[in-house]
Structures are given as structure tokens and as C-alpha cells.
Amino acid sequence: MGDAIAERHLLAAVLLRAVRDFGYRGSKDPEEARVAEAAREWIFEGEEDVDHIGAFSTICQLMDLDANRVRAQILSMSPSRVRRIELVTPFAASID
């Protein structure tokens, strides 16, 4: 697998993990609620770190995604639907 493909897969996995974690919002389980809150902060409030490679907006930019559209899509989905999102990319099949 090429380095560029591996990097995109890693970035996609980071986004996916955060989105799934955000799906635990409203959970009564303290650990799930803590994880959801951390994901919410990273996705929706991390703009001060926009130049940091690990910032939500930066990762979206590197993935050729509009961060605001991704945020809107996440908010439009129910928590249970968000938790079921899977990574579907042309390069995912090459990962084993």
C-alpha cells in the first residue's frame, strides 16, 4: 500500500472514530458520555487548532471534505445511526 493511501486511511479512521464516539451523546453511561463529549469538542469546537495536523478541520481538508458539511451531516443523524457508520472507501478493500 502506498504512503499516500495509508495516510488517507489513517485520517479516515480518525474521523470515523470521532464520529462514532460522538454517537454516544446522551448516554447514561459515564464513560460513554465522557467519550461523546471529547468527540463533540474535537469536531465542533477545535477551530483554534486549525493549523494542527490533528485538528478536525485539517483532517477534513486533507481528505478533500468540507468540514462544515461533515458537521451538518453528523448532526442530522441520530446517535444510533452515527454509531453504525462504517468506513467505505476505494482503498479500504486493500487494508488487511
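Residues numbered from 1 in each chain as written. Predicted model: local features only at pLDDT ≥ 70, side-chain atom pairs only at ≥ 80, totals over all residues. Heavy atoms only, no water.

## Digging into the environment of Tyr-24
Short version of the rule: Runs of H or I in DSSP of at least four residues are treated as helices and runs of E of at least two as strands, each being numbered from the N terminus. Under the scheme applied here, a residue whose accessible area is under 20% of the maximum for its type counts as buried, over 50% as exposed, and between as partly exposed, the area being computed with a 1.4 Å probe on protein chains only. Any pair of residues with heavy atoms lying within 4.5 Å of one another is described as a contacting pair.
Structurally, Tyr-24 can be placed in the loop between helix H1 (3-22) and helix H2 (30-45). Classification of Tyr-24 by relative accessible area gives partly exposed; the value is 25%. Separated by 55 residues in the primary sequence, Tyr-24 and Pro-79 have C-alpha atoms spaced 6.3 Å apart. When near neighbours in sequence (up to four residues on either side) are disregarded, Tyr-24 contacts Glu-32, Ala-36 and Arg-83.

## Structural notes on the nonpolar core
Filter applied, for reference: By convention a nonpolar core is built from buried Ala, Val, Leu, Ile, Met, Phe, Trp, Tyr and Cys residues, the set being connected through side-chain atoms within 4.5 Å.
Formed by 19 residues in total, the largest nonpolar core has its most connected members in Leu-15, Ile-43, Phe-56, Cys-60, Met-63 and Ile-74. Breaking this core down by element, the ones donating at least two residues are H1, H2, helix H3 (56-62) and helix H4 (67-76). What Leu-15 contacts, discounting residues up to four positions off in sequence, is Trp-42, Phe-56, Ile-59, Cys-60, Met-63 and Leu-65.

## Quick look at the confidence of the model for the chain
To be explicit about the condition: Confidence of the predictor at the level of single residues is captured by pLDDT, which takes values from 0 to 100.
On average, the chain scores 83 in pLDDT, and the residues at 70 or more come to 83%. Mean pLDDT across the elements of the chain bottoms out in helix H5 (residues 79-83) (81) and peaks in H2 (95). Ignoring residues within four places in sequence, the model shows residues 90-96, a span with pLDDT below 50, making six contacts including any to other chains.

## Looking at unusual backbone geometry
The general pattern is negative phi for most residues beyond glycine and trans for most peptide bonds. Unlike most non-glycine residues, Asp-64 shows phi in positive territory, near 60°. By the element assignment, Asp-64 lies in the loop between H3 and H4. When its relative accessible area of 67% is taken as the criterion, Asp-64 is described as exposed.

## Section: H2
For clarity, the cut-off: Take the residue count of a helix, subtract one, and multiply by 1.5 Å to get its expected span. The arc in question is the one traced by the directions running from the helix axis out to the C-beta atoms. Nitrogen and oxygen atoms within 3.5 Å of one another constitute a polar contact, given that in protein one can donate a hydrogen and the other can accept it, and given that sequence-neighbouring residues count only through two side-chain atoms.
Taking 1.5 Å per residue as the helical rise, H2 with its 16 residues ought to reach 22 Å, and the 21 Å between its terminal C-alpha atoms agrees with that figure. Within H2 the residues assigned to the buried category are Ala-36, Ala-39 and Ile-43. Projected onto a plane normal to the axis of H2, the buried residues spread over an arc of 65° and lie on a single side. Against the buried residues of H2 lie H1, H3 and H4. At the N-terminal end of H2, a side-chain oxygen is found 3.0 Å from the backbone nitrogen of Glu-31, two or three residues along, and the residue is Asp-29.

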